[in-house]
Amino acid sequence: MARLEEEAEQADRDDPLTAARQRFTIPEGVVYLDGNSLGALPRGAAETIERCVRREWGEGLVGSWNEAGWYELPLRLGDRLAPIVGAEPGHLVVCDTTTLNLYKALGAALSLRRERRVVLVDGGDFPTNLYITRSALAAAPGAPECVELEPGEDPLARIAALGDRLAAVAMSHVSYRTGAMRDLAAVTAAAHRQGALAVWDLCHSAGAMPLELARSGVDFAVGCTYKYLNGGPGAPAWIYVAPCHLAECEQPLAGWMGHASPFDFEPRHRRHPGIRAFLCGTPHIVSMRGVEAGLATFDGIDLAAVREKSMRLGELFRRAVEAARLPRVELACPADPAARGSQVCFRHPRGYAVVQALIEQRVIGDFRAPDVMRFGFAPLYLRHVEALRAARSLIGCVEAEVWRQERFARRADVT
Ligand SMILES: *Cc1c(COP(=O)(O)O)cnc(C)c1O
């Protein structure tokens, strides 16, 4: 451990992102390894939201839709997020939730492949993705079939086998549970070879690594803003539509904010020609100001440096924990940092209680049923020495069986 300690201290001294921590308010003494569930509070967020409430709402009243730029805010934030995910401006909008945006993206993709009967998903994906995909397919003309990839199965082989029956592939880039990362460009290219489309969920990638949506030829993508993008609890999500599809595709949830001219109040829907078509109803303005503060934490940040630091943080943690050879603790993510996102996870049969015991020691990770302890590494605000402190706490909790204390077994609503 001493050698790892020196390595961590050196890594902190060499860290090009060290100043970015000042952009956040993090409680003293907390090691926060749950930025993959809810990003930390950006320093400017309270002021930005307060200004929105007191000045824009309180003084500007309804005039703020024009004067404070509320009407344009979903598009403006989309353009601000675009470089973080490698998208072209004008093709990404911030709105609704990831769940809803996935429904819209799938409906839009299917509107471009009406003759095709199958959508390929990852059977181990985040449950909301599976639920909403099935409901989007049930509502689409001809109710295409939802085919699930088995755990560990190669998507490229399955895509080739489905051939011209395949309408779209819809999966998460990084698994919420194990952190395993798919080859986004290769899966997208394989779908395209069959004339199918690629719909990606980037909840666990956006803000944690460089992404190239445009260059990879991704057709549709969605993601949230409250994980690595630090937009705040329940902050609106985003949706991306490739330029080649934007004019042609249908948006299955036609609402007035996606109309070509909402304030003409026409009884029939006429789709907006641009990315605004992917809005449904009135945008969540106060929450959007949180997204604005979250995106500001990325100003001037090199995403290649973010990825490099993320791998280094995760590796320090993984190596320290694995070196301890803890009983009943198994690595649950790929050992190769290049094959995973920005989280490291371990299985333990009593993982929930272990995580609760760690939280009491102010090391905050989380638990995903049935037995996965998740530790997310948000490179903008974590230090390498904290990754090691977390490893030491985990080792201590398991070796001394601290987790056996009864209070750690009580399940809260949110795990
Ligand atoms: C976080 C996350 C979601 C959350 O969806 P909401 O609509 O915001 O509740 C969905 N899918 C994946 C893969 C996620 O990681």
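Residues numbered from 1 in each chain as written. Predicted model: local features only at pLDDT ≥ 70, side-chain atom pairs only at ≥ 80, totals over all residues. Heavy atoms only, no water.

*Asks:* Before we move on, can you summarise the site of the ligand with the specific residues and values?
*Replies:* Taken together, T97, T98, T99, F126, T128, N129, S172, D201, C203, H204, Y226 and K227 make up the full set of residues adjacent to the ligand. Separating an oxygen atom of the ligand from a backbone N or O atom of T98 is a distance of 3.4 Å. Here a nitrogen atom of the ligand sits 3.2 Å away from a polar atom, N or O, in the side chain of D201. At the level of secondary structure, the elements contributing two or more residues to the shell around the ligand comprise α5 (98-111) and α6 (127-139). (Near = heavy atom within 4 Å. Polar contact = N/O pair within 3.5 Å; in protein donor to acceptor, adjacent residues only side chain to side chain. Helix = DSSP H or I, 4+ residues; strand = E, 2+ residues; numbered from the N terminus.)

*Asks:* For the nonpolar core, give the residues involved together with the corresponding values.
*Replies:* Core analysis: the biggest nonpolar cluster contains 101 residues, and W238, F317 and L394 have the highest contact counts within it. For this core, the domains that each give at least three residues are domain 1 (2-17 + 302-409) and domain 2 (48-296). The next biggest cluster of nonpolar side chains, apart from the first, holds 34 residues, and it includes Y103, L106, I132 and C249. (Core = buried A, V, L, I, M, F, W, Y, C linked by side-chain atoms within 4.5 Å. Buried < 20%, exposed > 50% of the residue type's maximum accessible area, 1.4 Å probe, protein only. Domains from an automatic or database assignment.)

*Asks:* Quick one: what's the story with α5, residue by residue and with numbers?
*Replies:* If you check α5, its first and last C-alpha atoms are 20 Å apart, about what 14 residues at 1.5 Å a residue would give, namely 20 Å. Across the 14 residues of α5, twelve count as buried, placing the element largely inside the fold. Within the span of α5, buried status applies to T98, N101, L102, Y103, K104, A105, L106, G107, A108, A109, L110 and S111. (Expected span 1.5 Å × (residues − 1).)

*Asks:* Can you explain the pattern of salt bridges? Please cite residues and give values.
*Replies:* For the structure on display, the rule yields 27 salt bridges. When salt bridges with common partners are traced through the structure, they connect E56, R76, R289 and E292 into a single cluster. (Salt bridge = Lys/Arg side-chain N within 4 Å of Asp/Glu carboxyl O.)

*Asks:* Lay out the packing of helix α12 (residues 351-360) against helix α13 (residues 384-399) with the relevant residues and their values.
*Replies:* With their axes 10 Å apart at the nearest point, α12 and α13 run at an angle of 125° to one another. Overall, the two elements α12 and α13 adopt an arrangement that is oblique. Two packed elements cross with a definite hand, and for α12 against α13 that hand is right-handed. Mapping the contact onto sequence places V354, A357 and L358 in α12 and S393, L394, C397 and V398 in α13. Tallied by class, the residues present in the contact of α12 with α13 amount to six nonpolar, one polar and no charged. (Axes fitted to C-alpha atoms, helices over the stretch in contact; angles between N-to-C directions. Parallel < 35°, antiparallel > 145°, perpendicular 65-115°, else oblique. Left-handed = near helix turned anticlockwise from the far one by under 90°. Contact = heavy atoms within 4.5 Å. Nonpolar A, V, L, I, M, F, W, Y, C, P; charged D, E, K, R; others polar.)

*Asks:* Tell me about the side chain of R340, residues and numbers included.
*Replies:* Within the secondary structure layout, R340 lies in the loop between β11 (330-331) and β12 (343-347). Only 2.8 Å separates the side chain of R340 from the side chain of E315, close enough to count as a polar contact. Residues contacting R340, with those up to four places away along its chain left out, are G179, A180, M181, R307, M311, G314, E315, R318, C333, P334 and A335.

*Asks:* Explain a nonpolar patch on the surface to me, and be specific about the residues and the numbers.
*Replies:* Taken together, the side chains of V53, W57, L61, V62 and V286 define a hydrophobic patch exposed on the protein surface, amounting to about 480 Å² of accessible area. If you trace the backbone, L61 turns up in the loop between α2 (45-59) and α3 (64-67). (Patch = residues over 30% accessible without salt bridge, like charges linked within 9 Å, V, L, I, M, F, W, Y side chains within 5 Å. Areas by Shrake-Rupley, 256 points an atom, 1.4 Å probe, with all protein chains shown as cover.)

*Asks:* Give a detailed account of the domain arrangement of the protein, specifying residues and quantitative values.
*Replies:* Here the protein is partitioned into domain 1 (2-17 + 302-409) and domain 2 (48-296). The centre of domain 1, based on its C-alpha atoms, is set 30 Å off from the matching centre of domain 2. Facing 25 residues of domain 1, the contacting portion of domain 2 comprises 17 residues. Between domain 1 and domain 2, a total of about 1,400 Å² is buried, with carbon and sulfur atoms accounting for 59% of that surface. Among the residues of domain 1 in contact with domain 2, L303, R307 and Q343 are the three that bury the most area, contributing 31% of the side total. Our count for the domain 1 to domain 2 interface comes out at zero salt bridges. Summed over the shared surface of domain 1 and domain 2, the number is seven residue pairs in polar contact (both at pLDDT 80 or more). Looking at the side of domain 1 that touches domain 2, the elements with two or more residues in it are α11 (303-323), β12 and β15 (372-376). No other element matches α11, which puts five residues into the side of domain 1 that touches domain 2. (Buried area = accessible area lost by both parts, 1.4 Å probe.)

*Asks:* Describe the layout of surface pockets, naming the residues involved and giving the relevant values.
*Replies:* Computed from the structure, the largest pocket encloses a volume of approximately 360 Å³. Lining the largest pocket are 18 residues, with D122, S175, T178, A180 and R182 sitting closest to its centre. Tallied by class, the residues present in the lining of the largest pocket amount to six nonpolar, six polar and six charged. (1 Å grid on protein atoms, 1.4 Å probe; cavity = no way out; pocket = protein on both sides within 12 Å on 5 of 7 lines; lining within 4 Å. Points joined across faces, edges and corners; volume = space filled by probe spheres on them.)

*Asks:* Kindly report on the packing of aromatic side chains, identifying the contributing residues and their values.
*Replies:* Overall, the coordinates contain twelve aromatic pairs when judged by the stated rule. Look at Y71 and F263: their rings are 6.3 Å apart centre to centre, the planes differ by 70°, and that puts the pair in the edge-to-face class. On the criterion of sequence distance, the pair formed by Y71 in the loop between α3 and α4 (73-85) and F263 in the loop between α9 (243-246) and α10 (285-296) is long-range, its members being 192 residues apart. Here Y71 falls in the partly exposed class, since its relative accessible area comes to 21%. (Phe/Tyr/Trp six-rings, centres within 6.5 Å; stacked < 30°, edge-to-face > 60°.)

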